Amino acid sequence: MLDVYRKRLLTIWCVGFLVPFLLILLQYFGGKYGDKFGEALGWLTALTLSTILLMFGVMVSNKTTPLDETLLNLPDAQLDDQQKQVKAALAAKNSHEKFVFQMAAAASVIYLLIINLAFFAEPVVSYKPQELMRDSKVWLALFDSFLSLLIGYFFGKS
Amino acid sequence: MGKILFTFLIMLIIGGATGCSDNSLQTANTAANRASAANSSQQPPPSPIATPTTQPNVLNSTKDSNDNRIVGTSSNSASIEKSNKPNSKSTTAKPPLSATPESTPAPKTEQKDNALFSFPPPKPIGVREIDKSQLLNPEGATTFSQVAKKLAAGLAKGGYQNEKLAYFWNEKDEFAIITAIERVKPDGAPLEGDERWDASIHQPKAHNFAEYAKYLIGGKKVYYRVFAFIVTSKRNERDFFHNASPDFTMAKHWLEKGKGALGEGGDETSMIEDVLFGDSYKCFALLYLFVNHPRLDNPVSIDVLSEEKRDDELSVGVKKDVGEQVKNTSIKFGE
């Protein structure tokens, strides 16, 4: 399941990065930023690209060997005591991973939503894009450490 | 559990250290703010005077001793030199009475307060002479006071009530009526309601999907305008383009720095309102336009937009003709 969770997290981050990235490209051609284009792109890449590259790097270089989880599909009546213990441990591990994945996914979605809102909410507020980017950093800082811990759980282990 | 807590603490410390350091945007913005503070306006240096024989430079004009005066309040009279020939157009500057005969006149400071509207005025986007016949008193001689009332009445038709006008004048023969800074469309039509008089740099909000898409891709362009109506005998149309363009902050403060009526608060010796609007006098309408956009740090005059950075694209579609701007604002004189 670790591979599955890693892929899902990577997908969330890639989508969360690509959408505002394409918007910034459109805005560049629309002349929105002028010579401040680098500021907007730099802000986005500083907040997202390092995490995405870490994920890619781990996935490419660190292949996981899936555990044999066939025991989970067998009824208890067919298992001896030792096999029952292994099955219980596997089930607990899966449950734990699922919980951590849900937290990581939720935190990632909220983090990326705040980043995207800095671009997509700007037409309906009274602030310039640069002001929104600066102010959203306060909110993003709340998630930084928490997110690093959760992402590290999935991409830090072999 | 202990390992998880320890790892969490390490992450908190790293996260806190990362949050304290400047990111590229903050650094760029800080640098941009410092640059904009150091150069508070993006104006080019003042143009050289077109008549060097009589005006070696703007600050030390020898053509007119009254050129660089602070205006509008009697408390500034101490900084003003009086010429021996009133209403003379070509007098050279006379030294003050207290100066020794051999000393040259002290260089005049153009303005003690940069927010005051100076004579000669800052460089406008456009100038147009107003038909004098619309301002004359049909029953006899016309005074400055009567001209000011006719101008104010015409401006009131365009929505410029008395509280949206500011008066500036020099000691004796020039005055200006300045309108409050307002938000306008590119064709000069003012925005509606309270949005018109919003002089802040806050960006407008989108009201429908088309505006949302336009603002999202192209950014929000906000245009600001000030009219200045100058009554003078000293200048022609081309004489208004010698100074530098005003910056937005200066223009924003003209309304509060000016007086509410011509001659208000003046001392008894300078009865500017009783000066006769003779044949030598003309009335000019000056137009000042500013634009704000995400690619700019602050609103700037549209004639100082950088071609290099392609910021001059922001002035595309803007009506720079004073007559059209006046017409689209429903200002009418002489009725």
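About the criteria used
All chains use their own residue numbering, which begins from 1 and follows the written sequence. Ligands are numbered from 1 and chains lettered from A, in the order in which they are written. Predicted model: local features are reported for residues with pLDDT of at least 70 only, side-chain atom pairs are reported and counted for 80 or more only, and whole-chain, interface and lining totals are derived from all residues. Only hydrogens and water are set aside; all other atoms, that is, all heavy atoms of the structure, feed into the side-chain values. Secondary structure is summarised from DSSP: a helix means a run of H or I of at least four residues, a strand means a run of E of at least two, and numbering begins at the N terminus for each. Put simply, the radius of gyration uses C-alpha atoms, and a globule should come to 2.2 Å times the residue count raised to 0.38. Residue burial is assigned from relative accessible area. The probe radius is 1.4 Å, only protein chains are included, and a residue is buried under 20% of its type maximum, exposed over 50%, and partly exposed in between. Here, two residues are considered to be in contact whenever any of their heavy atoms come within 4.5 Å of each other. Residues scored as positive are Lys and Arg, those scored as negative are Asp and Glu, and His as well as the terminal groups of each chain are ignored. Taken as the charge centre is NZ of Lys, CZ of Arg, CG of Asp or CD of Glu, depending on the residue. Each pair of strands is called paired provided DSSP finds at least two bridges between the two strands. Axis definition: a line fit to C-alpha positions, over the contact stretch in the case of helices; interaxial angles, taken between N-to-C directions, run 0 to 180 degrees. Should an angle lie under 35 degrees it is considered roughly parallel, over 145 roughly antiparallel, and from 65 to 115 roughly perpendicular; all remaining angles are considered oblique. A carboxyl oxygen of Asp or Glu within 4 Å of a side-chain nitrogen of Lys or Arg is what we treat as a salt bridge.

Chemist: Which parts of the structure should I look at to understand the overall build of chain A?
Modeler: A tally of helices and strands in chain A yields four helices and zero strands. Its C-alpha radius of gyration of 21 Å places chain A more than 25% over the 15 Å reference for a compact globule of 158 residues. Here the C-alpha coordinates of chain A stretch approximately 70 × 30 × 20 Å along the principal axes. Taking all 158 residues of chain A together, 42% fall into the buried category. The contacts of chain A with a sequence gap of at least 6 include a subset with a gap of at least 24, amounting to 79%. Taking the average place of the 14 positive charges on the side chains of chain A and the average place of its 13 negative ones, the gap between the two points comes to 2 Å.

Chemist: In this structure, what is going on with the pairing of strand β2 (residues 165-169) of chain B? I would like to understand it.
Modeler: For a regular strand, the rule is simple: side chains alternate between the two faces of the sheet. All names here are of chain B. Across the five residues that make up β2, a large majority, five, are buried. Residues of β2 alternate between two faces, with Leu-165, Tyr-167 and Trp-169 on one and Ala-166 and Phe-168 on the opposite face, all of them buried. Summarising the sheet, β2 and strand β3 (residues 175-179) pair through five bridges and their orientation is antiparallel. Residue pairing for β3: Phe-168 is matched across the bridge by Ala-176. Between β2 and β3, which pair antiparallel one after the other, the connecting turn spans five residues.

Chemist: Explanation requested: the environment of Tyr-33 of chain A in the structure shown.
Modeler: Structurally, the position occupied by Tyr-33 of chain A is in the loop between α1 (2-30) and α2 (37-61). Taking the C-alpha atoms as reference points, Tyr-33 of chain A and Gln-130 of chain A, separated by 97 residues in sequence, lie 9.5 Å from one another. Residues contacting Tyr-33 of chain A, with those up to four places away along its chain left out, are Gln-27, Ala-40, Phe-119, Pro-129 and Met-133 of chain A together with Arg-295 of chain B.

Chemist: Mind showing me how you'd approach the packing of α1 of chain A against helix α4 (residues 129-155) of chain A here?
Modeler: Helix-helix packing: each pair is described by the crossing angle between the helix axes and the interaxial distance. Residue and element names in this part refer to chain A. Interaxial distance between α1 and α4 falls to 9 Å at its minimum, and their mutual angle equals 135 degrees. The angle between the axes of α1 and α4 places the two elements in the oblique class. Across from Leu-2, Tyr-5, Arg-6, Leu-9 and Trp-13 in α1, the residues of α4 making contact are Leu-147, Ile-151, Phe-154 and Phe-155.

Chemist: Sorry, what's going on with the pattern of salt bridges here?
Modeler: Pairing is possible between side chains of opposite charge, provided their charged atoms come close. Residue and element names in this part refer to chain B. If you walk through the whole model with that rule in mind, you get 13 salt bridges over all chains. The residue Asp-198 makes a salt bridge to Arg-183 at a minimum N-O spacing of 3.4 Å. Placement of Asp-198 in the loop between β4 (182-184) and α4 (209-218) and of Arg-183 in strand β4 is noted, with a sequence separation of 15 residues between them. For Arg-183, a relative accessible area of 2% corresponds to the buried category. Salt bridges sharing common partners tie together Asp-173, Glu-174, Lys-234 and Arg-235.

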